[in-house]
Amino acid sequence: MAKLKNYVVSLDDVSTVEELKAALRERRLVGVTQLTLNGRNWGDAVAHSLARSPHMATVRVLDLSENQLTDDAVIVLAQSPHLSQLRTLRLQRNQIGDAGLIALAQSPYLSNLNELELYQNAIGAAGAQALSNSTSLTQLTKLRLYRNQLGAAGGAALVEGQALVNLQLLDIDHNDLGDAGISALAAAQHLTQLTSLNLSNNNIGPAGVKALAEDEQLGNVTHLDLSDNDVGFAGAKALAESPYLRSIVTLNLASTNIDAAGISALANSPVLANTERLDLRSNAIGDAGLSALAQSSHVTNLKALLLNDNAIGDAGVQALTTSTSLGNLAVLYLADNAIGDVGATSLANTTNLGQLQELDLWGNQLTRSSQEAFSQSPALNNLVLLDLGISDDEDEDDIF
C-alpha cells in the first residue's frame with residue numbers, strides 16, 4: 001500500500017451517531033488517517049457505524065475513548081476488515097471487559113497495531129491471558145491497562161505467552177497485582193525491550209520490589225514508577241543493590257514509605273547515575289535523607305527533584321544548598337515541609353543552584369524576610385516560577 005499522508009478530519013460539527021452516518025455517506029472520511037471521536041458518549045452504535053464503513057480503510061489512529069462502549073462494540077470493531085491499517089487504538093474509559101479484549105486479541109485484522117490503550121475499563125485475568133497468547137497483536141510496543149481489574153492472576157497471565165515480546169511501554173498501575181503478580185512479571189524472559197514501566201499503586205511490598213531489582217530483562221528501563229506502594233527501606237535497599245537498573249532517567253518513588261536510611265542507600269548507589277527526575281514526595285526522608293542525597297556523587301544528572309511532604313527542615317535545605325552534585329537542578333519542589341527563613345535564605349543565597357527554573361516552598365514556615373531574601377538573590381537568575389506561599393495580605397506575616 002502506498003504511504004499515506006497524514007490527514008486528520010475535524011468532526012466538531014457532528015454531535016450524534018446519525019450525523020456521523022451522514023458524514024460517512026457524504027464521504028467526509030475518505031483518506032482520513034486519524035479519527036478522534038472521544039468523549040462523545042455515543043454508545044455502541046458508533047462502533048457499528050465505523051466498522052461497516054470502507055472509508056476506515058486508511059485510518060491509522062482511532063480514538064473512541066469515553067463513549068460508553070461495551071464488549072459488543074469492541075467485538076464488532078475487531079471483526080471489521082476495514083481496520084487493518086490501524087496502528088493506534090484508543091478505547092480507554094469505556095465499559096469494556098474480558099470479552100472485548102479477547103475479541104481484539106483474536107482479531108485477524110489488527111496485526112499492524114502498535115499502540116493499545118484500554119485503561120479505566122473492567123478487564124481481568126481472562127482478557128490479559130488472551131492478549132498474552134495472541135498471534136495477531138504481536139507488534140504492540142505500547143500498552144496501557146491501568147485502572148482495570150487484573151489482580152495477581154492477571155499480572156501473571158499478561159506475561160504467560162510471548163505476544164508482548166516487542167513491548168516498550170507497559171502501564172498497569174492501579175491493578176492490585178501484589179508481590180505475586182510482580183514476581184510473575186519479573187520471571188518472564190521476553191520483556192527485554194521495555195523502556196517504560198508504570199507499576200504505581202499495585203499493593204507491592206519489598207518482596208515484589210526485590211523481584212524487579214533482580215530482573216535482568218529490565219536493564220533497558222529508563223522510566224520506572226513505583227509510587228504508592230510499600231517499598232520501604234528493604235525495597236529501597238533492593239533497588240540500590242540492583243545490578244541491572246542502571247539506565248533509569250525518571251524514577252517515581254512518591255508515597256512509598258521510604259525514610260532517611262532508604263534514601264541513603266539509593267544515594268550511595270549507581271542506580272541514580274543517569275536519573276534526571278526523582279520523585280520522592282510524601283515520604284519521610286527528613287534532613288538526614290536530604291543530606292545523604294546532597295552529598296551523593298551519583299546525582300549529578302538530576303534536573304528535577306520533588307521532595308514535598310518529607311519532614312525536611314532548615315538543616316536539610318542547607319545541606320542541599322552546599323551540595324556540589326546538584327548543580328543541574330532546574331526543578332526543586334519542597335512544599336509542605338518544616339523549612340523556615342533560615343533554610344529559605346540559604347536557598348536564595350546559594351551559588352550552587354544557578355540552573356533552577358522552578359522552586360516551590362509553599363506550605364512551609366516562611367515570613368516576609370524569605371521573600372526579601374529571594375528578591376535580592378544574587379544567583380537564582382533563571383527562576384521563572386517561585387512559590388513561597390506568602391499571603392498578599394499585608395496584615396498577615398506568616399506563610400500558609
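Residues numbered from 1 in each chain as written. Predicted model: local features only at pLDDT ≥ 70, side-chain atom pairs only at ≥ 80, totals over all residues. Heavy atoms only, no water.

**Student:** Account for the packing of helix H13 (residues 341-349) against helix H14 (residues 368-375), naming residues and giving values.
**Tutor:** Relative to each other, H13 and H14 sit at 5°, their axes nearing to 9 Å. Between H13 and H14, the interaxial angle falls into the category roughly parallel. Where H13 abuts H14, its residues Asp341, Ala344, Thr345, Leu347 and Ala348 lie against Ser369, Ser370, Ala373 and Phe374. A breakdown of the residues in the contact of H13 with H14 according to their chemical character gives 5 nonpolar, 3 polar and 1 charged. (Axes fitted to C-alpha atoms, helices over the stretch in contact; angles between N-to-C directions. Helix = DSSP H or I, 4+ residues; strand = E, 2+ residues; numbered from the N terminus. Parallel < 35°, antiparallel > 145°, perpendicular 65-115°, else oblique. Contact = heavy atoms within 4.5 Å. Nonpolar A, V, L, I, M, F, W, Y, C, P; charged D, E, K, R; others polar.)

**Student:** Just give me the short version of the packing of helix H9 (residues 232-240) against helix H10 (residues 260-267), but keep the residues and values in it.
**Tutor:** Two measures define how a pair of helices packs: the angle their axes make with one another and the distance between the axes. Two numbers describe how H9 lies on H10: the axes approach to 8 Å, and their chain directions differ by 0°. By the criterion of interaxial angle, the relationship of H9 to H10 is roughly parallel. Contacts from Phe233, Ala236, Lys237, Leu239 and Ala240 in H9 reach Ala261, Gly262, Ala265 and Leu266 in H10. Tallied by class, the residues present in the contact of H9 with H10 amount to 7 nonpolar, 1 polar and 1 charged.

**Student:** Tell me about unusual backbone geometry, and name the residues and values.
**Tutor:** At Arg27, a position not held by glycine, the phi torsion is positive, near 65°. Position of Arg27 relative to the elements: it lies in the loop between helix H1 (17-25) and strand E1 (34-36). Positioned with a positive phi, Asp309 is a non-glycine residue whose angle comes to about 55°. Structurally, Asp309 can be placed in the loop between strand E11 (304-306) and helix H12 (314-321).

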